[in-house]
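# Topology and contacts: notes
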Amino acid sequence: MGFAMADPATTGLTHDVIVVGAGPAGATAARVMALRGLRVALIDKAAFPRDKLCGGGVTGRAMGHLRAAFDDLPEALFHRCDDVRLMAGARVLGVETDGPPLFMTMRRDFDAALRARAMAAGADDFCGQRIAAMDLATGTLRLTGGAKVRAAVVIGADGVNSAVARALFGRAQDPAQVAFALEIEVPGATSSHLELDMVAARWGYGWDFPKAGGRTLGIGGAALRNDDLPQRFDQWLRARGIDPAQVRIKGHHLPMGEVKQVPGRDHVLLVGDAAGLVDPVTGEGIGWAVHSGQLAAEAAIEALSLGRPERTLALYQARAAHMMRELRRARLVAKIVYHPRLQPRFLDVMAQSRHTRRRYLDLLGGKMDYVDLGPARLARLALRLLLRRGGPAAG
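So, here's what we can say about the structure. In this text the structure is predicted, and so the values were computed from the model without any measurement.

What counts as what
Residues numbered from 1 in each chain as written. Predicted model: local features only at pLDDT ≥ 70, side-chain atom pairs only at ≥ 80, totals over all residues. Heavy atoms only, no water. Phe/Tyr/Trp six-rings, centres within 6.5 Å; stacked < 30°, edge-to-face > 60°. Helix = DSSP H or I, 4+ residues; strand = E, 2+ residues; numbered from the N terminus. Buried < 20%, exposed > 50% of the residue type's maximum accessible area, 1.4 Å probe, protein only. Lys NZ or Arg CZ within 6 Å of the ring centre and 35° of its normal. Pairing = 2+ DSSP bridges. Right-handed = clockwise from strand over helix to strand, strands pointing away.

## Focus on the packing of aromatic side chains
Per the counting criterion, the structure on display carries four aromatic pairs. For the pair Phe78 and Phe110, a centre-to-centre distance of 6.0 Å together with 70 degrees between the ring planes defines the contact as edge-to-face. One end of the pair, Phe78, is in the loop between α3 (60-69) and β4 (79-81); the other, Phe110, is in helix α4 (residues 107-121), with 32 residues separating them in the sequence. Take Phe78: its relative accessible area is 15%, and that puts it in the buried class. According to the relative accessible area criterion, Phe110 is buried, its value standing at 0%. When the centroid spacing of 6.5 Å and the interplanar angle of 40 degrees are considered together, the rings of Trp203 and Tyr338 count as tilted. Of the two residues, Trp203 sits in the loop between β13 (193-197) and β14 (204-211) while Tyr338 sits in helix α9 (residues 321-338), which places them 135 residues apart along the sequence. Residue classification places Tyr338 among the buried positions, given a relative accessible area of 3%. Here the basic side chain of Arg240 rests over the ring of Trp236, its NZ or CZ set 3.8 Å away from the ring centre.

## Regarding the pairing of strand β2 (residues 40-44)
Summarising burial for β2: five of the five residues are buried, a large majority. When strand β1 (residues 15-20) meets β2, the two strands line up parallel, connected through four bridges. Residue Val17 lies in a different strand from β2, and its bridge partner there is Val40. This β-α-β element, β1 to helix α2 (residues 24-35) to β2, shows right-handed connectivity. Bridge count for β2 against strand β8 (residues 124-127) is four bridges, and the pairing is parallel. Looking across to β8, one finds that Ala41 is bridged to Asp124.

Written out as structure tokens, the structure is:
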């Protein structure tokens, strides 16, 4: 179904929908709506391609969401990994070689490819311009380049420090629920082996992800629990034979699973990191960003087809109910995996039980949902860990 653009002379609208942020969530939303005939303004302060701190892991679940929204992404964007080494510092918890595949991507290339497809679908390009003024009540944004855009629906896909979320709620994220990560890129030979260090950071982990032509290494965890993260990262890199003085270290905040209970207001939506949609166990956000972008686009399409843009949030929330349940359950799992009293015991179980390692990798790879871990099963696991005798210290 196509949409006739409202007459600007009578409505003052320049577009049907404004999308703020051209990362995976925003590019997905823009593409889906543009393909359905909506006139979409895609705004981002950065010009693309641009660098983005991110491990770049794409799970099987995320790949499914990508295929639903983008049917022509080149295979060269992804590097497949089948071997996973689970570590606790220097301690090897296990090596799995036949779990669900994980795909690694360089965000600079990946984001640029998604944005290009949104542009090809017909979205109007306002990237490389910052927002000078924002009036969400009327859906009006003025850009530093002088342009003024106005639309019936606004989608905030502008990340952890979302200007749209700040305009709605006074702040983008609760500081107590934000993570911080440090990361480097190292050129070298390509590998199919990736490594996760479960104790590299408090309430977080470390990653060594192979990419085409190199590796991405980083550690991240709850920001308020890791005030010594630079020192920990220095030691972590040196343990891997990398001199921190010889590499470019990037740092960035990211959500850690505190999902916005109400992700917007009436005709204004939040998606991806702006809505806190990051797995609190794995830190993975690409899949949820793409999925939320798709759901937001579908909600906007329906609301505008009804002539009821103020219904957009309600329609979005109805579509996103399963996603929100999944992330709430993931927060319960994170409290078992990372709690300082439970974590050493959980790691002992992981080291001793291949079944536990496989279930963890099934969650990581998107083969299993967190809602599959019912409340009774989670309670039994927590009780088992509480009653377990303390094992060796976790690295």
